[in-house]
Amino acid sequence: MRGWEACLSSSGRRDLLLRLLAGSRSVNERKNRKYTTKMAAPGGEAQTTAHVGKRRKRSGRYWEQTSKKYNGGKCSDGAKQKAKKRRGHWRKKTKGGLSGEVESEGPKLCEQTQDTGKKDNGGEKSSDGPKQKAKKRRVDRRKKRKGNLNVKVVSEAAKCNQEQTQDTSKKDNDGEKSVDGTKDTAKENATKRSDAKFISGKMDPFPGEAPIPEERLRKFQRGNKFVVPEEIRSKLKDTLAKSQEAADLAQTQAARYDLLLTEDAGFLEGDEGEDTCTISQDDIAEAVDITSGSKYFNLHLTQFGPYRLDYSRTGRHLLLAGRRGHVTCIEWQTKNLMCEMNVMETVQDIKWLHSEAMFAVAQKKWLYIYDSNGIELHCIKKFNDVLRMQFLPYHFLLATASATGFLQYLDVSVGKEVAAINTKLGRLDVMAQNPYNAVIHLGHPNGTVSLWSPNQKEPLVKMICHRGGVRSLTVDRTGTYMVTSGLDRKLKVYDIRAFKPLHSYFLPAGASCLSLSQRGLLSASTGDIVQVYRDVWGSGPMTKPYMAHRVRGTVWGVGYCPFEDVLGVGHAEGFTSMIVPGAGEPNFDALDMNPYRSTKQRQEWEVKALLEKVQPELISLDPGLLGKVDKATFEQKHKERVEMLGYDPLAVEKFKPRMRKRGRSAAGAVEKRKKKVAHEDQRDVIRKSVKERMEKEKKRKDSAKEPLGEKKTALDRFKK
């Protein structure tokens, strides 16, 4: 026997055995044990009921069971937050007691429970969807399975929570319904945007986008709309329709954003009975703001004059070249001197190249290229005795006119001479370019003006403009009008499109230098007086100048600054910068010429401009000629083709094969069928043409075999 059995008496052993037997019985009785609960009866007394419950499966923790109840069936927070909420609700319930032993409160409590039940039922009835019905059935099954006959007493705080969950469930049901109808509400949202209300509740008096005037739309129109023929395939139709939509969108957007260009050119206006030409530059500088007033200044350079000038395309930098060798480069708005030197030679002309980093100087013998620091980069000895220069920015060509009568073109991107043309018209000291088509205009001592292109050795056009020699000429930036002045003391305005004069004015002393601004103001210098004219090519003749200014010495060169109301005047005593209101274009294209660009932007623009460089072969009077069809040459080629083939391929309608299925209408198969039918049609035509040709040959041979001695008479026609 074991030690603990020896210590027990007989009665102790009996008791131990009974306990062991009772323990094995209790294990079997757990399945059918009784549960006692107390609940409040309708009469207000607590009654005890008993029922036998089967063994239930292990349910989850309380917060797992009630997660849907307190979270509305949807998880709006993170996993940790949800678990935290469930634990909190579980603790509150355990404090209130989960045993089900509740003090009786009479009929009031029962009424409360009945009311909450009605609310719950009403909330369930509100959801008519099949998902909600299935959910309700599952809840009823669980209640029956658990035998949950307990009545849970809801405190005031629980009531509030229950009402909140009901509200959220209703919102969720509404949300589910709205998701199903998203497609239907898309159009409603679009109409709501058009019929938008203000915060005050008023309706928008001007719904939708603002209308665009027809004139502004015509301004940005890109040709006429393309009419799509019905014969073409649907895929090509879609492509053409998309391209047309893109063009229309670009047109409307450009017309709409034209409103953003609010700047406009303002002209000088005098008081009643006052002429604007009598207003001095000092009065204008005092009346305008400090920044604009600083644009009127004088540089007294009496030692190396007279001076020629040139503004950069951005309008920020100025070049001055004295006749006696003084060359200077200035950032004229800040008065910052970039470089200054004396080349110790006679300087005829000076020009900026594609950017403000390089400029060309026509010295006594040869042409020199310098950088903005004044360092000599190139000496080009092929270009000798140069008198005037013009730079073509989109072609990277420097055109020079020499004293020997040669017009030469230099490609500055590769440093090669493109063309050298002998004009055979003597000394070339009058030169201008047409910015529209890059054609060079030359004035000659015999009163003619000739137009040149590097592609031809002869002038494109030759016009007789004056009875005496031509002193100066200029062309507006649209390439429509040309203004010339000659020794006959006349100022003439020509329409280049028709090569006819529009107006002719007589100036008492003539005009030695001419220049046109971006807005069409004409400056003409006579001796030491500079006059500015407005509406030069208007319907009526000019009666008086718009502005006038006297400088200290004889004027040698004039030029307008781009994008600024400034006129630069180079004379024998230095340089003068005048304020001319309304001269410059107020709105600039930042992708082409940006006055405020940085060094990095200038480098990027230079690379882009080199990639888009226009070849010199494309310079002609009509730059749109490249996109047109030459009808004369087309007809001539068509005739030659008809003679060679023996039939007209365009006379017969082309064969259109019908569409086949199973891949037999692929592009290659369709082309094969077309060729087969075309060859069959051509055989008959070729046979006829060959037969006619053979008959003609036979007749010609027979006529050649006839004896030449016999002469035909009028009576031979009666012979059989």
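Before reading further, recall that the structure is shown in the block above.
One numbering rule holds for all chains: residues counted from 1, following each sequence as written. In keeping with the model being predicted, local features are shown solely for residues with a pLDDT of at least 70 and side-chain atom pairs are shown and tallied solely at 80 or more, while totals for entire chains, interfaces and linings include all residues. Excluding hydrogens and water, the side-chain figures rest on all heavy atoms present in the structure.

Asker: What is the right way to look at the packing of aromatic side chains in this model?
Answerer: One pair of aromatic rings is described through two measures. These are the centre distance and the angle between the planes. Note on aromatic pairs: the rings of Phe, Tyr and Trp (six-membered ring only in Trp) are paired at centre separations within 6.5 Å, and the planes decide the class, stacked below 30 degrees, edge-to-face beyond 60, tilted for the rest. One pass over the full model with this rule turns up nine aromatic pairs. When the centroid spacing of 5.9 Å and the interplanar angle of 80 degrees are considered together, the rings of tryptophan 352 and phenylalanine 359 count as edge-to-face. Neither tryptophan 352 nor phenylalanine 359 differs from the other in exposure class; each is buried. When the ring of phenylalanine 359 is compared with that of tyrosine 370, the centres are 5.9 Å apart and the planes differ by 25 degrees; the resulting orientation is stacked. Linking phenylalanine 359 in strand E9 (residues 358-363) with tyrosine 370 in strand E10 (residues 366-371), this pair joins segments that are eleven residues apart in sequence. For the pair phenylalanine 359 and tyrosine 370, a shared accessibility class is recorded, and that class is buried. Note on criteria: charge over ring means Lys NZ or Arg CZ within 6 Å of the ring centre, with the direction from the centre no more than 35 degrees off the ring normal. Positioned above the aromatic ring of tyrosine 394, the side-chain terminus of arginine 313 is 5.2 Å from the ring centre. Taking the ring centre of tryptophan 366 as reference, the NZ or CZ of lysine 381 above it sits at 4.6 Å. When accessible area is computed with a 1.4 Å probe and restricted to protein chains, residues below 20% of their type maximum are described as buried, those above 50% as exposed, and intermediate ones as partly exposed. Secondary structure follows DSSP: runs of H or I at least 4 residues long count as helices, runs of E at least 2 residues long count as strands, and numbering of each begins at the N terminus.

Asker: Would you mind showing me how to read the environment of leucine 377 here?
Answerer: Looking at the element boundaries, leucine 377 is found in strand E11 (residues 376-384). Placed 19 residues apart in sequence, leucine 377 and methionine 358 show a C-alpha to C-alpha distance of 8.9 Å. Apart from the residues within four sequence positions on either side, leucine 377 is in contact with Met358, Ile369, Tyr370 and Asp371. The contact criterion used is simple: two residues touch if any of their non-hydrogen atoms lie within 4.5 Å.

Asker: Is there a simple way to think about unusual backbone geometry in this case?
Answerer: The omega angle of the peptide bond from glycine 305 to proline 306 is -5 degrees, so this bond is cis rather than trans. Examined against the element boundaries, proline 306 turns out to sit in the loop between strand E3 (297-300) and strand E4 (307-311). Phi at phenylalanine 396 takes a positive value of approximately 55 degrees, unusual for a residue other than glycine. You can see phenylalanine 396 is positioned in the loop between strand E12 (386-392) and strand E13 (397-402). Judged by its relative accessible area of 2%, phenylalanine 396 falls in the buried class. A positive phi angle, near 65 degrees, is found at phenylalanine 563, a position not held by glycine. Of note, phenylalanine 563 is situated in the loop between strand E28 (555-560) and strand E29 (566-571).

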